Amino acid sequence: ADGNRTVAARVAIADGQVEQLKSRIAELLEYNRVEAGRLVLDPQWNDLALLVTGTTTRLALQAEQNGLTLVNEVDSLLPECQFDSERIGQVLNNLIENAIKATPPGGTITLRSELYEDEVWIRVSDTGVGIPVEDQGKIFQRFYRAHDRSSSTGNHLGLGLAICQQIIAGHHGRLWVESEEGQGSCFTFALPFTHQEALVNQNDN
């Protein structure tokens, strides 16, 4: 029985490594498409709050398996935005998964929303290892990977953030990070939105 458990454990580890390799290959292919100018966006009027809810619900089990709590505090009545739901979902997924990898068991990952003039901000905060000041200006660069000595998962940044930045830029938005080593990180992306009165005026014309 012990032998069977050992074999099963090794198979599980191997499967996990294969999945990680597939993910890295897919990430590289995606980055190459972005760099070649083949990033195609299909912006539609979409409900950003609903997309956040769906993404956090899907990743809640992954967070729980890592001993973490994933909290969604995003306002359910955000203004309507025009965005590519698949691509912005990809950004959300990447930011949350990075936070999961960077946060030791017992930590919390929280999503919040804020409105500033003509932008809606989605903030992904964690209680993880944080990012050294000297790395913060580099993490969106191609192929840059920050190594966290205090993180059990090691490298948790890479091509994904460069891709996310290109996706957000393609939406005329912004993506940035605030972090303190040992105190966690907060990644924020801002998307432009149209006020309802402006929409009424457009429809009248």
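Details of the structure are given in the entry above.
K.L.:
Whenever I open this one, the overall build of the protein confuses me. Can you help?
P.N.:
For the protein, the count of helices and strands is 6 helices and 7 strands. Written out in order from the N terminus, the α and β elements of the protein read α-β-α-β-β-α-β-β-α-α-β-β-α. Expressed as a percentage of its 205 residues, the buried residues of the protein come to 43%. Relative to all contacts within the protein whose residues are 6 or more apart in sequence, the contacts with residues 24 or more apart total 71%.

K.L.:
Explain the packing of aromatic side chains to me, please; I cannot follow it from the model alone.
P.N.:
Aromatic rings in a pair are described by how distant their centres are and how their planes are angled relative to each other. Applying the stated criterion across every chain, the model contains 3 aromatic pairs. Aromatic side chains Y116 and W121 sit 4.1 Å apart centroid to centroid with 35 degrees between the ring planes, which places their arrangement in the tilted category. With relative accessibility at 15%, the residue W121 sits in the buried group. Note on F140 and F187: the rings are 6.3 Å apart at their centroids and 80 degrees apart in plane angle, and the pair reads as edge-to-face. Of the two residues, F140 sits in the loop between α4 (133–136) and α5 (159–170) while F187 sits in strand β7 (residues 184–192), which places them 47 residues apart along the sequence.

K.L.:
How do you make sense of the packing of helix α2 (residues 48–65) against helix α3 (residues 85–102) when you look at a structure like this?
P.N.:
Between two packed helices, what matters for the description is the angle formed by their axes and the separation of those axes. Direction vectors running N to C along α2 and α3 enclose 35 degrees, while the axes themselves pass 10 Å from each other. Crossing geometry of α2 relative to α3 is assigned as right-handed. Note on element contacts: α3 touches α2 through S85, I88, G89, L92, N93, I96, E97 and I100, opposite L48, L51, V52, T55, T56, R58, L59, Q62 and A63. The residue inventory of the contact of α2 with α3, partitioned by class, reads 9 nonpolar, 6 polar and 2 charged.

K.L.:
Would you take a moment to explain the pairing of strand β6 (residues 174–180) for this structure?
P.N.:
Regular strands place their side chains on alternate faces of the sheet. Pairing geometry for β6 and β7, over 7 bridges, is antiparallel. Each residue of the ladder has a partner; that of R174, found in β7, is A190. The hairpin formed by β6 and β7 contains 3 residues between the paired strands, and G182 there has a positive phi angle of roughly 85 degrees.

K.L.:
So what exactly am I meant to see when it comes to the sheet that holds strand β5 (residues 119–126) here?
P.N.:
Pairing between the strands of a sheet comes from backbone hydrogen bonds, and it takes one of two forms, parallel or antiparallel. Strand order in the open sheet made by the 5 strands is β2-β4-β5-β7-β6, with mixed pairing throughout. Looking at which strands have only one partner, the edges of the open sheet turn out to be β2 (69–72) and β6. Each adjacent strand pair in this sheet contributes to an overall mean axis angle of 15 degrees, direction not counted. The pairing of strand β4 (residues 108–116) with β5 spans 8 bridges and is antiparallel. Counted as the bridge partner of S113 is I122 from β5. Lying over the sheet, α2 contacts β2, β4, β5 and β7, oriented at roughly 170 degrees with respect to β2. Strands β2, β4, β5, β6 and β7 of the sheet are contacted by α3, whose axis makes an angle of about 170 degrees with β7.

Conventions we followed
- Residues numbered from 1 in each chain as written.
- Predicted model: local features only at pLDDT ≥ 70, side-chain atom pairs only at ≥ 80, totals over all residues.
- Heavy atoms only, no water.
- Helix = DSSP H or I, 4+ residues; strand = E, 2+ residues; numbered from the N terminus.
- Buried < 20%, exposed > 50% of the residue type's maximum accessible area, 1.4 Å probe, protein only.
- Contact = heavy atoms within 4.5 Å.
- Phe/Tyr/Trp six-rings, centres within 6.5 Å; stacked < 30°, edge-to-face > 60°.
- Axes fitted to C-alpha atoms, helices over the stretch in contact; angles between N-to-C directions.
- Left-handed = near helix turned anticlockwise from the far one by under 90°.
- Nonpolar A, V, L, I, M, F, W, Y, C, P; charged D, E, K, R; others polar.
- Pairing = 2+ DSSP bridges.

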